[in-house]
Amino acid sequence: MMFKTHLAFGFLAALFSLQYLNPGNQVLFFILVMIGACLPDIDHPKSKLGKYFKPIGWLFEHRGFFHSIFMLVILSLAVLYFFNWFYTSAIAIGFLSHLISDAITIQGIMPFHPLSRFRLRGFIETNSIFETIIFIALVVFDVLKLIRL
Ligand SMILES: [Zn+2]
């Protein structure tokens, strides 16, 4: 999925999470979820985030380890160690929203990489007309959900 689609899906995930988590600082919560939603593509040297961390993209397969459940666990533990549950839940929700949205693409993700190359995949081609339709639908859902909060 593209950067903007990850942001739109992350935003929706944050909106739904508000109902259950009731974070004190909602603005910070949204910012953290959006950061989490961008993080996995750090493994792509040409992505919005990855272009600043090119060595990661050179060393790791795109949609490999950085798009796995293991990275989610390691990242969550690291954030928990340095910050608290508020930061951890927000970053993890964003990260998970990224994995889910990449999993519905044809390329898919390998959730258990590097232990297994089992691939979760869907039928959406990245940067296709279908992704554009999904992006528009997400933005509409985001706005509707925001209005009804
Ligand atoms: Zn990705």
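In short, a report on the structure. Computed from a predicted model, the values in this text were never measured in an experiment. (Residues numbered from 1 in each chain as written. Predicted model: local features only at pLDDT ≥ 70, side-chain atom pairs only at ≥ 80, totals over all residues. Heavy atoms only, no water.)

## Describing the nonpolar core
Grouped together as the largest cluster of nonpolar side chains are 24 residues, with contacts concentrated most on Phe29, Phe30, Val33, Leu75, Ile91 and Phe95. Of all the secondary-structure elements, those providing two or more residues to this core are α1 (3–21), α2 (26–38), α4 (69–82) and α5 (85–103). By residue number, the principal contributor to this core is α5, which donates 7 residues. (Core = buried A, V, L, I, M, F, W, Y, C linked by side-chain atoms within 4.5 Å. Buried < 20%, exposed > 50% of the residue type's maximum accessible area, 1.4 Å probe, protein only. Helix = DSSP H or I, 4+ residues; strand = E, 2+ residues; numbered from the N terminus.)

## Quick word on the environment of Asn127
Position of Asn127 relative to the elements: it lies in the loop between α5 and α6 (129–148). By relative accessible area, which is 55% here, Asn127 ends up exposed. The sequence separation of Asn127 and Met1 amounts to 126 residues, and the corresponding C-alpha distance is 6.8 Å.

## What about α1?
The terminal C-alpha atoms of α1 lie 25 Å apart, and with 19 residues this matches the ideal 27 Å at 1.5 Å per residue to within 8%. Those residues of α1 not exposed but buried are Thr5, His6, Ala8, Gly10, Leu12, Ala13, Ala14, Leu15, Ser17 and Leu18. Its buried side turned inward, α1 meets α2, α5 and α6. Following α1 by one or two positions, Asn22 adopts a phi angle in the positive range, close to 50 degrees. (Expected span 1.5 Å × (residues − 1). Contact = heavy atoms within 4.5 Å.)

## Regarding the coordination of the zinc ion
Distances from the zinc ion to its protein donors, namely Asp41 (OD), His67 (NE2), His98 (NE2) and Asp102 (OD), fall within the range 2.0 to 2.2 Å. Classification of the site at the zinc ion as irregular follows from its 4 donor atoms and the range of 90 to 170 degrees in their angles at the metal. Spacing between the donor residues of the zinc ion along their common chain follows D-x25-H-x30-H-x3-D. Placement of the pair is His98 and Asp102 together in helix α5, with a separation of 4 residues, close to one helical turn. By relative accessible area, His98 is classed as buried at 1%. According to the relative accessible area criterion, Asp102 is buried, its value standing at 0%. (Donors = N, O, S within 2.8 Å, 3.2 Å for Na, K, Ca; no water. Tetrahedral: all angles 85-135°; square planar, octahedral: opposite > 155°, others 65-115°.)

## Digging into the packing of aromatic side chains
Enumeration according to the criterion identifies 10 aromatic pairs in this entry. Measuring from ring centre to ring centre gives 5.0 Å for Tyr81 and Phe82, while their planes differ by 90 degrees; the resulting arrangement is edge-to-face. By the burial criterion, Tyr81 is exposed, and Phe82 matches it. Taking the centre distance of 5.6 Å and the plane angle of 85 degrees together, the rings of Phe86 and Tyr87 count as edge-to-face. Classification of Tyr87 as partly exposed rests on a relative accessible area of 23%. (Phe/Tyr/Trp six-rings, centres within 6.5 Å; stacked < 30°, edge-to-face > 60°.)

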